[in-house]
Amino acid sequence: MIENSAISTIGHTKPPAPASQFAYKNLKQGEFWRHVPAYRDVDEATFLDHLWQQKHSVKTPQELLETIKDLCSPEFFQDVEQGFHRAPMAVRVSPYAISLIDWNDPVNDPIRRQFVPLASALLPDHPRLTLDSLHEQDDSPVPGLVHRYVDKALFLPLNVCPVYCRFCTRSYAIGPDTEEVDKVSLAKTPAQWQAAFQYISERPELEDIVISGGDAYQLPPKNLELIGNALLDIPHVRRMRFATKGPAIMPMKIISHPEWVDALTAIVNRGRKLGKDVVLHTHFNAPEEITWITEKAMRLLFERGIFVRNQSVLIRGVNDTPERMQLLVKRLGLVNVHPYYVYMHDMVKGVEELRTPIQTAVDIEKFVRGSTAGFNTPTFVCDAPGGGGKRDVHSFEYYDRENGIAVYAAPSVKPGKAFLYFDPIDTLAPDAQARWAVREIQDQMIHEALRNSGEPDQALVLA
């Protein structure tokens, strides 16, 4: 028997956290927009007006030049002008986003990279890339509705956004036509939406509806409530998510458009009374997008009891280092936004310089996991080209790192099929880049990857 007096305890105390540990709390403060020439005399009340933001959004190279004036060089402006002409997406950038760009180094700035194309940075598209890489149109039973997963559908009631992301997975349909792409038409009117509501009502397995587009931020309050209530009226619909980029690039709408927030709140509250879950999904990619304005807007939603989740895209030069992603995740937690997904960059046209290899996502997830609570840690996923749906990025059946070919299976989505994601060719070794220049060798590499994955060639679904 051991006497109590013989038992000793040793305290283990962690050293104090360094100041750098709290960098995520250092949000941009004050009237930071005044360094932009066009906003030099804009007071806080005006800048926080969402209508002013929409009216003064930049849509052409000339508007950009008139906004930033001498902050950019003539060479940079010429690069932008050529980039606009070659972009598959129309350009629309809010004053809020313009004011967050570091105009001392716009070429490398993470906000500029997402919204303002530079011709000099463009790379050739991957030879196996297509416009609708996720095959959403193949899974669309009626216009404006994508039914891929068994119990979930994606409702696309509009094709406009408060800004246009260069990397948009729906560049085939979103925004106006460009010199590069004639857009596919979505369901854009309440009359057209009825077909989607009818389809959902007739499919009792559909319990989860995502309302996206386009962007739910652009729905007038009456239409926000119309859609929300129509879906809540369907007995088997249990969960609803309104998807919007808005809080990341125009957070002041939540502050200065109370009718929109009231409409969302009414749907959330009605859903709660019915035992149904209604949440907001948003899209922050860079830590710099989160400022004191964001914090104020997200606090308002938090006080209303509106749960907000975030879906980021892994973008080269924006958030593709462990430290950058960790800072983003911690900063999201600070403003009561739950990091949900980090997507591999979809294989869409005209933005090859923004994509990263699969290995980058695997390495970053290892670093981020454990740096904060599990419920505040995003899952890194690859939305498998060809319509395989979201797969944990590390769940590939086989990954040929040398040639940049990852093979995924989706047994609960499309059983018996194999889906391929291709790393950007410019990140591969010169020998591998040379192999991708020859179509016959491409086919050989793909067939070899399939054999190594255990999937038969006939199972392959190419983007």
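Quick note: structure is the one above.
This report concerns the structure included in the present document. Only a predicted model underlies this, so the values are computations on that prediction, with no experimental measurement involved.

## So, the nonpolar core
- Phe 242 and Ile 358 are the most contacted members of the largest nonpolar core, which has 126 residues in total.
- Leaving out residues up to four positions away in the same chain, Phe 242 has contacts with Ile 211, Ala 216, Leu 224, Gly 228, Leu 264, Ile 267, Val 278, Val 279, Leu 280 and His 281.

## Notes on the sheet that holds strand β7 (residues 338–344)
- Taking strand neighbours across the sheet as the criterion, the nine strands line up as β1-β2-β3-β4-β5-β6-β7-β8-β9 in an open arrangement whose pairing is mixed. Looking at the sheet topology across the chains shown, the edges are occupied by β1 (145–146) and β9 (389–392).

## Some words on the side chain of Arg 148
- You can see Arg 148 is positioned in the loop between β1 and β2 (152–155).
- One polar contact links Arg 148 to Asp 139, side chain to side chain, over a distance of 2.9 Å.
- A distance of 3.4 Å separates a polar atom in the side chain of Arg 148 from the backbone oxygen of Gly 387.

## Comments concerning helix α3 (residues 61–68)
- By the burial criterion, the buried members of α3 are Pro 61, Leu 64, Thr 67 and Ile 68. Around the axis of α3, the buried residues are gathered within 120° of arc, so they sit on the same side.
- For α3, the secondary structure elements touched by its buried residues are α4 (74–86) and α5 (95–100).

## Remarks on the pairing of strand β12 (residues 418–422)
- Of all five residues making up β12, five are buried, and the element is well covered by its neighbours.
- Of the two faces of β12, the one carrying Ala 418, Leu 420 and Phe 422 and the one carrying Phe 419 and Tyr 421 are both buried.
- Summarising the sheet, strand β11 (residues 405–409) and β12 pair through five bridges and their orientation is antiparallel. Opposite Ile 405, over in β12, you have Phe 422 as the bridge partner.

## What to know about the environment of Asp 138
- Among the secondary structure elements, Asp 138 is positioned in the loop between α6 (110–115) and β1.
- Distance in space between the C-alpha atoms of Asp 138 and Gly 386 is 9.3 Å, their sequence separation being 248 residues.

## Side note on the pattern of salt bridges
- Within this structure, the stated rule accounts for 21 salt bridges.
- Of the charged contacts in the structure, one is a salt bridge between Arg 239 and Glu 207, with a shortest N-O distance of 3.7 Å. In this pair, Arg 239 sits in strand β4 (residues 239–243) while Glu 207 sits in the loop between α7 (190–201) and β3 (208–211), placing the two residues 32 residues apart along the sequence.
- Residue classification places Arg 239 among the partly exposed residues on the basis of a relative accessible area of 29%.
- On the accessibility criterion, Glu 207 (29% relative accessible area) is partly exposed.
- Of the charged contacts in the structure, one is a salt bridge between Glu 288 and Arg 324, with a shortest N-O distance of 2.6 Å. Here Glu 288 is found in the loop between β5 (277–282) and α12 (292–303), whereas its partner Arg 324 is found in helix α13 (residues 322–334), with 36 residues between them in sequence.

## Some words on the layout of surface pockets
- In this structure, the largest pocket spans a volume of roughly 280 Å³.
- Lining the largest pocket are 20 residues; nearest its centre among them are Lys 28, Leu 100, Ile 101, Asp 102 and Glu 288.
- Contributions of two or more residues to the lining of the largest pocket are made by α5 and α13.

## Brief notes about empty space enclosed by the protein
- The tally for this structure, following the rule as stated, stands at two cavities of 30 Å³ or more.
- One number sums up the size of the second largest cavity: a volume of about 60 Å³.
- Taken together, Gly 83, Arg 86, Ala 87, Pro 88, Met 89, Ala 90, Val 91, Pro 117, Leu 122, Arg 166, Gly 350 and Val 351 make up the lining of the second largest cavity.
- Partitioning the lining of the second largest cavity into residue classes produces eight nonpolar, two polar and two charged.

## Structural notes on the pairing of β5
- With five of six residues buried, β5 lies mostly within the body of the structure.
- As paired elements, β4 and β5 share five bridges and run parallel to each other. The partner of Met 240 across the bridge, within β5, is Val 278.
- Strand direction decides the pairing type here: β5 and strand β6 (residues 308–314), joined by three bridges, are parallel. Of the residues in β6, the one forming a bridge with Leu 280 is Val 308.

## Considerations on α12
- Between its terminal C-alpha atoms α12 stretches 16 Å, which fits the 16 Å expected from twelve residues at 1.5 Å a residue.
- Along α12, the residues classified as buried are Trp 292, Ile 293, Thr 294, Ala 297, Met 298 and Leu 301.
- The backbone nitrogen of Ile 293 has a side-chain oxygen 3.1 Å away, supplied by the residue at the start of α12, namely Thr 291.
- Positive phi appears at Gly 305, one or two residues downstream of α12, with a value of about 80°.

## Quick look at unusual backbone geometry
- For Lys 69, which is not glycine, the phi dihedral falls at a positive 50°.
- With respect to the element layout, Lys 69 can be found in the loop between α3 and α4.
- Residue Lys 69 is classed as partly exposed on the basis of its relative accessible area, which comes to 45%.
- Positioned with a positive phi, Asn 336 is a non-glycine residue whose angle comes to about 65°.
- If you trace the backbone, Asn 336 turns up in the loop between α13 and β7.
- The partly exposed category is assigned to Asn 336, whose relative accessible area is 31%.

## Re the packing of α13 against helix α14 (residues 358–368)
- One can describe the packing of α13 onto α14 by two numbers: an axis separation of 9 Å at closest approach and a directional angle of 55°. Viewed along their axes, α13 and α14 adopt a mutual orientation that is oblique. The crossing of α13 and α14 is right-handed. Residues Pro 322, Glu 323, Met 325, Gln 326 and Val 329 of α13 lie in contact with α14, whose contacting residues are Ile 364, Phe 367 and Val 368.
- By residue class, the composition of the contact of α13 with α14 is six nonpolar, one polar and one charged.

Conventions adopted
Residues numbered from 1 in each chain as written. Predicted model: local features only at pLDDT ≥ 70, side-chain atom pairs only at ≥ 80, totals over all residues. Heavy atoms only, no water. Core = buried A, V, L, I, M, F, W, Y, C linked by side-chain atoms within 4.5 Å. Buried < 20%, exposed > 50% of the residue type's maximum accessible area, 1.4 Å probe, protein only. Contact = heavy atoms within 4.5 Å. Pairing = 2+ DSSP bridges. Helix = DSSP H or I, 4+ residues; strand = E, 2+ residues; numbered from the N terminus. Polar contact = N/O pair within 3.5 Å; in protein donor to acceptor, adjacent residues only side chain to side chain. Arc of directions from axis to C-beta. Salt bridge = Lys/Arg side-chain N within 4 Å of Asp/Glu carboxyl O. 1 Å grid on protein atoms, 1.4 Å probe; cavity = no way out; pocket = protein on both sides within 12 Å on 5 of 7 lines; lining within 4 Å. Points joined across faces, edges and corners; volume = space filled by probe spheres on them. Nonpolar A, V, L, I, M, F, W, Y, C, P; charged D, E, K, R; others polar. Expected span 1.5 Å × (residues − 1). Axes fitted to C-alpha atoms, helices over the stretch in contact; angles between N-to-C directions. Parallel < 35°, antiparallel > 145°, perpendicular 65-115°, else oblique. Left-handed = near helix turned anticlockwise from the far one by under 90°.

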